[in-house]
Amino acid sequence: MAQLRIPGPTPCPEEVLKAMSRQMINHRGDEYAKLQREVIAKLKSVFQTQNDLYLLTGSGTGGMEAAIVNMLSPGDKVLAVTVGAFGDRFANIAKTYGADVTIIKSEFGKPADVAAIKKALQAEPKIKAIIVTHNESSTGLTNPLEEIAKIAKDAGKLIIVDAVSSMGAIDCPVDKWKLDVVVTGSQKSWMVPPGMAFVSISQDAWKAHAEAKIPRFYWDFTRAKKIYEEKGQNPWTPAVSIVFGLQPALDMILKEGLPNVFARHARIAKLTREGCKALGLTPFVADEKYASNTVTAITVNKGLDQKKLNKILRDEFQVVISGGQQALEGKIFRIGHLGWVADKDIKEVLDALKLALPKAGFGSAK
Ligand SMILES: *Cc1c(COP(=O)(O)O)cnc(C)c1O
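Residues numbered from 1 in each chain as written. Predicted model: local features only at pLDDT ≥ 70, side-chain atom pairs only at ≥ 80, totals over all residues. Heavy atoms only, no water.

Describing the environment of Q203
Okay, step 1: Among the secondary structure elements, Q203 is positioned in helix α7 (residues 203–211).
Okay, step 2: Using a relative accessible area of 55% as the deciding quantity, one classes Q203 as exposed.
Okay, step 3: Between the alpha carbons of Q203 and I242 there is a distance of 28 Å; along the sequence they are 39 residues apart. (Helix = DSSP H or I, 4+ residues; strand = E, 2+ residues; numbered from the N terminus. Buried < 20%, exposed > 50% of the residue type's maximum accessible area, 1.4 Å probe, protein only.)

Structure (structure tokens):
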């Protein structure tokens, strides 16, 4: 079996695959309601929150769109902080629905400019919300979210977070950092397949929701809240199999213990960076302090043909990694190490890289 080391989908443990192969049950019945309540309680402990939390059937981007349409009205001023492709996507969703979006953009590989965020809020008091990516999977960078959230909340703004590739692997304490809307996706740290987004909603977010006028139907948080509180159900048919898989996956996470899960990701990320450096490679994020614990991006240099590298790794070593997205296509490659990942997996990737790099031209130029 190939080593799937991309920033999601990630491999799933046997227990998860087994749970997901169960026969269907009635999503309007007591058995499903009980299962969903249990899964949501466990997700809340990983989110470290007492806020409401719902399962939305859709990918991470669906969850991001849900956050926008439930919090904003057309014309609302929004500060979008972007450090890469996923931050750009979040800003684009807000623009698509008619928000008045001011963008603060960092150079690829650099974290969000905290001073610029402060300044932008002072310059425009009407800004209602800050939208920001916690972990930018396109560059392998983790933003200083605690600091950004503090600035936002001290100024009385909403803070809406794409934690799609961090939650469950990198510490993101929702209540402690007062994060208003936080979105993640099932295929990232959660060790289950794609198909669901999980979203937490604070009290401040509910107040904003009550006034938000962007049209919404499928993603409407009011509909999700009403039927969940009355019956433990979803407004629409949920991805039942994903919920089956979440039960053992969340048990594994909680049994390992959150601090241990975070420490494992930190250790494995470091192992990845150090291993790559030992092979002569250059991590894309220069300041280690912001290097992601879930995805490592490596600069393409020294004559390396990145497409060839990915192909050799896949065809000859059964290791699947990612390239760069959009403007970074051909300029970086990325190794995902989130969810179900152990030291030995990364050692295998590094062993394969060692043999594949020279075949892909690495070292043939300065
Ligand atoms: C994967 C990812 C998304 C979007 O996920 P989809 O499930 O593909 O819609 C959004 N943001 C970040 C940071 C991601 O890593």
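The rest of the description comes next.
Section: the nonpolar core
Okay, step 1: Counting 94 residues, the largest nonpolar core has I130, I159, L179 and W190 as its most contacted members.
Okay, step 2: The element contributing the most residues to this core is helix α9 (residues 240–256), with eight residues.
Okay, step 3: V300, I346, A352 and L357 belong to the second-largest nonpolar core, a separate cluster that totals 23 residues. (Core = buried A, V, L, I, M, F, W, Y, C linked by side-chain atoms within 4.5 Å.)

Here we look at the pattern of salt bridges
Between side chains of opposite charge, pairing is possible as soon as their charged atoms come close.
Okay, step 1: Overall, the coordinates contain 27 salt bridges when judged by the stated rule.
Okay, step 2: With a closest N to O distance of 2.7 Å, R267 and D343 form a salt bridge. One end of the pair, R267, is in helix α10 (residues 258–278); the other, D343, is in helix α12 (residues 343–359), with 76 residues separating them in the sequence.
Okay, step 3: When the shortest N-O distance is used, the salt bridge between K359 and E316 registers 2.7 Å. You can see K359 sitting in helix α12 and its partner E316 sitting in helix α11 (residues 306–317), a full 43 residues away along the chain.
Okay, step 4: Three or more residues are tied together by salt bridges with common partners; here these are K153, D180, D204 and K207. (Salt bridge = Lys/Arg side-chain N within 4 Å of Asp/Glu carboxyl O.)

Regarding the site of the ligand
Okay, step 1: Around the ligand, 14 residues are found, and the nearest of them are S59, T61, S137, D162 and K188.
Okay, step 2: Between the ligand and the protein, one listed contact pairs an oxygen atom with a backbone N or O atom of G60 at 2.8 Å.
Okay, step 3: A distance of 2.7 Å is found between an oxygen atom of the ligand and a side-chain nitrogen or oxygen belonging to Q187.
Okay, step 4: Calculation on the ligand without its partners gives an accessible area of 380 Å², and the protein chains cover 88% of this total.
Okay, step 5: Put simply, the parts of the chain that give the shell around the ligand at least two residues each are α3 (60–71) and α4 (85–96).
Okay, step 6: The element contributing the most residues to the shell around the ligand is α3, with three residues.
Okay, step 7: Its residues placed into classes, the shell around the ligand shows three nonpolar, eight polar and three charged. (Near = heavy atom within 4 Å. Polar contact = N/O pair within 3.5 Å; in protein donor to acceptor, adjacent residues only side chain to side chain. Areas by Shrake-Rupley, 256 points an atom, 1.4 Å probe, with all protein chains shown as cover. Nonpolar A, V, L, I, M, F, W, Y, C, P; charged D, E, K, R; others polar.)

Quick look at the packing of helix α5 (residues 114–123) against helix α6 (residues 145–154)
Okay, step 1: Axis separation between α5 and α6 bottoms out at 10 Å; the angle between their running directions is 10 degrees. By the angle class used here, α5 and α6 are roughly parallel. Between α5 and α6, the contacting residues are V114, I117, K118 and L121 on the first element and E147, I148, I151 and A152 on the second.
Okay, step 2: Looking at the contact of α5 with α6, its residues break down into six nonpolar, no polar and two charged. (Axes fitted to C-alpha atoms, helices over the stretch in contact; angles between N-to-C directions. Parallel < 35°, antiparallel > 145°, perpendicular 65-115°, else oblique. Contact = heavy atoms within 4.5 Å.)

Describing the sheet that holds strand β8 (residues 158–162)
Okay, step 1: The sheet built from seven strands is open, its strands ordered β2-β10-β9-β8-β5-β3-β4 with mixed pairing. Two strands close off the open sheet at either side, each with one partner strand: β2 (52–57) and β4 (100–105). Across the sheet, the mean angle separating the axes of adjacent strands is 20 degrees when strand polarity is ignored.
Okay, step 2: Sheet analysis places strand β3 (residues 77–82) next to β4, joined by six bridges and oriented parallel. Paired with V78 across the bridge in β4 is V101.
Okay, step 3: α6 rests against β5 (129–133) and β8 of the sheet, and its axis sits at about 155 degrees to β8.
Okay, step 4: Helix α8 (residues 221–231) rests against β2 and β10 (196–201) of the sheet, and its axis sits at about 110 degrees to β2. (Pairing = 2+ DSSP bridges.)

Brief notes about the packing of aromatic side chains
Okay, step 1: Across all of its chains, the model carries eight aromatic pairs by this definition.
Okay, step 2: On the numbers, 6.2 Å between centres and 20 degrees between planes, the contact of F47 with W190 is stacked. Taken together, the residues span a long stretch of sequence, with F47 in helix α2 (residues 30–47) and W190 in the loop between β9 (181–185) and β10 at a distance of 143 residues.
Okay, step 3: An aromatic cluster is defined as three or more aromatic residues linked by ring pairs; in this entry it consists of Y54, W206, F221 and Y228.
Okay, step 4: Above the plane of the ring of F244 lies R22, whose end atom (NZ or CZ) is 4.2 Å from the centre.
Okay, step 5: One cation-aromatic arrangement involves K225 over W206; the distance from NZ or CZ to the ring centre is 4.8 Å. (Phe/Tyr/Trp six-rings, centres within 6.5 Å; stacked < 30°, edge-to-face > 60°. Lys NZ or Arg CZ within 6 Å of the ring centre and 35° of its normal.)

Examining the environment of S241
Okay, step 1: Counting through the fold element by element, S241 comes out in helix α9.
Okay, step 2: Taking the C-alpha atoms as reference points, S241 and K231, separated by ten residues in sequence, lie 19 Å from one another.
Okay, step 3: Once residues lying within four places of it in the same chain are set aside, the contact partners of S241 are M20 and M24.

A look at the sheet that holds strand β15 (residues 332–336)
Okay, step 1: Across the sheet, which stays open at both edges, the four strands sit in the order β11-β12-β15-β14 with antiparallel pairing between neighbours. Only two strands of the sheet have a single partner each, and these edge strands are β11 (282–283) and β14 (322–323).
Okay, step 2: Strand direction decides the pairing type here: β11 and strand β12 (residues 295–299), joined by two bridges, are antiparallel. Each residue of the ladder has a partner; that of T282, found in β12, is T299.
Okay, step 3: The strands touched by α11 are β14 and β15; relative to β15, the strand with the most contacts, the crossing angle is about 30 degrees.

By themselves, these observations are geometric and do not establish any function.
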